[in-house]
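Notes for the structure review
Residues per chain are reported as follows:
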Amino acid sequence: MKNIFKFLIALTAVAFTSQAQDTWVQKSDFGYNASNVPEPSARNSAVGFSIGNKGYLGTGEDGGPKKDFWEYDPDANTWTQKADF
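A quick note: this is a predicted structure, and the numbers were derived from the prediction, not measured.

**With respect to the overall build of the protein**
The number of helices and strands found in the protein is 1 helix and 4 strands. Secondary structure of the protein in N-to-C order comes out as α-β-β-β-β. The proportion of buried residues among the 85 residues of the protein is 16%. Long-range pairs, those at least 24 residues apart, make up 21% of the contacts in the protein between residues at least 6 apart in sequence. Roughly 6700 Å² of accessible area belongs to the protein as shown, and the carbon and sulfur atoms make up 59% of that amount.

**Focus on the sheet that holds strand S1 (residues 47-51)**
Pairing between sheet strands relies on hydrogen bonds along the backbone, with the strands arranged either parallel or antiparallel. Pairing within the open sheet is antiparallel, and its 4 strands lie in the order S1-S2-S3-S4. What marks the edges here is a single partner per strand, and that holds for S1 and strand S4 (78-82). When the angles between neighbouring strand axes are averaged without regard to direction, this sheet yields 25°. Relative to strand S3 (residues 69-73), strand S2 (residues 54-58) runs antiparallel, the two sharing 4 bridges. Counted as the bridge partner of Gly58 is Phe69 from S3.

**Some thoughts on the pattern of salt bridges**
Scanning the model with the defined rule gives 4 salt bridges in all. In this structure, Glu71 and Lys54 form a salt bridge, with 3.9 Å as the shortest nitrogen-oxygen distance. Residue Glu71 is located in strand S3, and its partner Lys54 is located in strand S2; the two are separated by 17 residues in the primary sequence. When its relative accessible area of 26% is taken as the criterion, Lys54 is described as partly exposed. Linking Lys66 and Asp62 is a salt bridge whose minimum nitrogen-to-oxygen distance equals 3.8 Å. Judged by relative accessible area, which is 36%, Asp62 ranks as partly exposed. Several salt bridges converge on common partners, so that one network encompasses Lys54, Glu71 and Lys82.

Cut-offs used in this document
- Residues numbered from 1 in each chain as written.
- Predicted model: local features only at pLDDT ≥ 70, side-chain atom pairs only at ≥ 80, totals over all residues.
- Heavy atoms only, no water.
- Helix = DSSP H or I, 4+ residues; strand = E, 2+ residues; numbered from the N terminus.
- Buried < 20%, exposed > 50% of the residue type's maximum accessible area, 1.4 Å probe, protein only.
- Contact = heavy atoms within 4.5 Å.
- Areas by Shrake-Rupley, 256 points an atom, 1.4 Å probe, with all protein chains shown as cover.
- Pairing = 2+ DSSP bridges.
- Axes fitted to C-alpha atoms, helices over the stretch in contact; angles between N-to-C directions.
- Salt bridge = Lys/Arg side-chain N within 4 Å of Asp/Glu carboxyl O.

This is the structure in structure tokens:
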């Protein structure tokens, strides 16, 4: 049993150390449209989720309720405004 435990620890260590660590890559800022014009502001209580390889973010509030919704495409590194919620 101890050997299995040691094996699992070693396997986990290899899996985590084989990935890039301590690196961040700047992506497109949230809510900029195709003309690079800022649309939404910072907000609290927003909702975010993903479907497939795309991320979605919207609603919340910034002193008042927000109803906009945005889609992030990681392949194009772009945000696209979707229909309001």
